[in-house]
Amino acid sequence: MGKNKFKRQPGATLDDRRKVLREARKQFAAESAKTKTSPQYSVDQLLDKAEDCINRFEYEIAQKFCQRALEIEADNIRALETTGTLLLELGNPESAKQCFGRVVEISPDKGHEKYMYLGQLFEGAQAVECYQKGIELMLKEKENQQALEVAAACGGPQSVTDSDISGAYSAIAELYMTDLCFEDEAESKCKTFIEKAIDIDKENPEGYQLMASFLLSKDDKENAKDVMKKSVSLWLPKFKALDKGEVTDQENTDPVEAVPLGYDTRISTTKILIEVDEYETAIDVAEGLLDENDEVPQVWYLIGWANFSMGEDYKSNARYYLEKCKKLCAKLKYEDEELLKHVDELLSDIGPGDEDEEDDRKNGQEEVEIESDSDEENMEH
């Protein structure tokens, strides 16, 4: 269980990405030249092109299309929102906040997305206010959808889903667990918002995971375990079946994209599962994370910790993953004193392996190093 089961997803080399960027620049230059001799593109056409570039991770080119759109119409809501999301991708949250803030000024009571973004960008009570306004607008939009029965009659997708609203309630609950934990009645408010998240979408695993975390904070381990099992049951069996090719999801056959929880959320999933003694399930979740990205030290550490917790028969596995974690921390200059201290404590408790285990461990590490070296060579070339 949990030994040497890792693989790297295929990806483009640096050379490939540079080639794509050069082609995109040529395309942009051609489009720019065309506008000098033909009618100017509309704002929507420019933004369509920007969104295409964003989807291809060509952020530099997307930014040029967004800038041109805003030059034509500075207060265009779609242009401001597209620019805001692009700025977040570029790691510029303050400028993104200005874009979404301007959209609020222009259209405060229509469109919930800007409030969801601002909820992530602000902290504390201000973030809660943004989320609550977004929920208010989503609930109104949902009522309108139901009244008109547009989605059902036309067979089109709903613009607001129960999952969206549940996610917003979950975000507020998390704030009362963290930034606002010392506020009056923070505990009761946290529980209320978690219950609302679960009530509006009983198929959303995030709500149940938050409830498990809340119960653990109350030292209610048994109920936390039951709730966590419910959360994982909503997505992990399907993920594993897709990963093994045992079922075909007509809408989505990529097991990673079929998971409703983000990478960081699933790291939290693994931690909670370890806390409630569900070690094998924790390893299943964490190995899925390794398949997506095998250069996150925390994931190797969690698999090592889970194996260690399973007893003597799994100490060899634990040693392998914990030593890989240390090696990766050194390579990436990853500084997490508490994590590294715990890794050292666990390795000290496990002790050195015998000669056969050491040979197996070295062989396994050599395979990983060969892959990593190959990737680095590709990037250099």
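Keep in mind it's a predicted model, so treat the numbers as computed, not measured.

Reading the values: the criteria
Residues numbered from 1 in each chain as written. Predicted model: local features only at pLDDT ≥ 70, side-chain atom pairs only at ≥ 80, totals over all residues. Heavy atoms only, no water. Salt bridge = Lys/Arg side-chain N within 4 Å of Asp/Glu carboxyl O. Helix = DSSP H or I, 4+ residues; strand = E, 2+ residues; numbered from the N terminus. Buried < 20%, exposed > 50% of the residue type's maximum accessible area, 1.4 Å probe, protein only. UniProt positions renumbered as here; feature names shortened; annotations may be inferred. Core = buried A, V, L, I, M, F, W, Y, C linked by side-chain atoms within 4.5 Å. Contact = heavy atoms within 4.5 Å. Phe/Tyr/Trp six-rings, centres within 6.5 Å; stacked < 30°, edge-to-face > 60°. pLDDT = per-residue confidence, 0-100.

Describing the pattern of salt bridges
Applying the stated rule across the entire model yields 21 salt bridges. When the shortest N-O distance is used, the salt bridge between E51 and R78 registers 3.2 Å. On the criterion of sequence distance, the pair formed by E51 in helix α2 (residues 43-55) and R78 in helix α4 (residues 77-89) is long-range, its members being 27 residues apart. In this structure R78 comes out as partly exposed when scored by relative accessible area, which is 25%.

Focus on the UniProt feature "repeat: TPR" (unreviewed entry) in the protein
According to UniProt, the feature "repeat: TPR" (unreviewed entry) maps to residues 77-110 in the numbering used here. Split by type, residues 77-110 is 79% helix and 0% strand. Its first and last C-alpha atoms lie 11 Å apart.

Quick word on the nonpolar core
The nonpolar side chains of soluble globular proteins are, as a tendency, buried together. Membership of the largest hydrophobic core comes to 74 residues, with the highest contact counts inside it found for Y176, I194, V299, Y301 and L322. Counting residues per element, this core draws most heavily on helix α9 (residues 162-177), at 8 residues. In this view, Y301 contacts L322, C325, L339, H342, V343 and L346; residues no more than four positions away in its chain are not counted. Counting residues in hydrophobic clusters, the runner-up holds 15 residues, among them L47, F65, A69 and A79.

Topic: the packing of aromatic side chains
Here the structure, examined in full by the defined rule, presents 9 aromatic pairs. Between the aromatic rings of F57 and Y59, the centroid separation amounts to 6.3 Å while the plane-to-plane angle is 90°, which identifies the pairing as edge-to-face. On the basis of relative accessible area, F57 is assigned to the exposed category, the value being 62%. We classify Y59 as buried; its relative accessible area is 17%. Ring centres of W300 and Y321 lie 5.5 Å apart, and the angle between their planes is 35°; this geometry places the pair in the tilted category. Taken together, the residues span a long stretch of sequence, with W300 in helix α16 (residues 297-309) and Y321 in helix α17 (residues 315-332) at a distance of 21 residues. The pair formed by W300 and Y321 is uniform in burial state, with each residue classed as buried. Ring pairing ties together the aromatic residues Y169, Y176 and F193, which thus form one cluster.

Overview of the environment of A224
Topologically, A224 is positioned in helix α12 (residues 221-233). Note on A224: relative accessible area 0%, which makes it buried. In contact with A224, other than residues within four places in its own chain, are A212, L215, L216 and V276.

Comments concerning the confidence of the model for the protein
This prediction gives the protein a mean pLDDT of 85; 77% of its residues lie at or above 70. Low pLDDT, under 50, characterises residues 1-11; the predicted model gives this stretch 37 contacts beyond four residues in sequence or across chains. Scored below 50 in pLDDT, residues 365-381 makes 19 contacts in the model with residues more than four places away or belonging to other chains.

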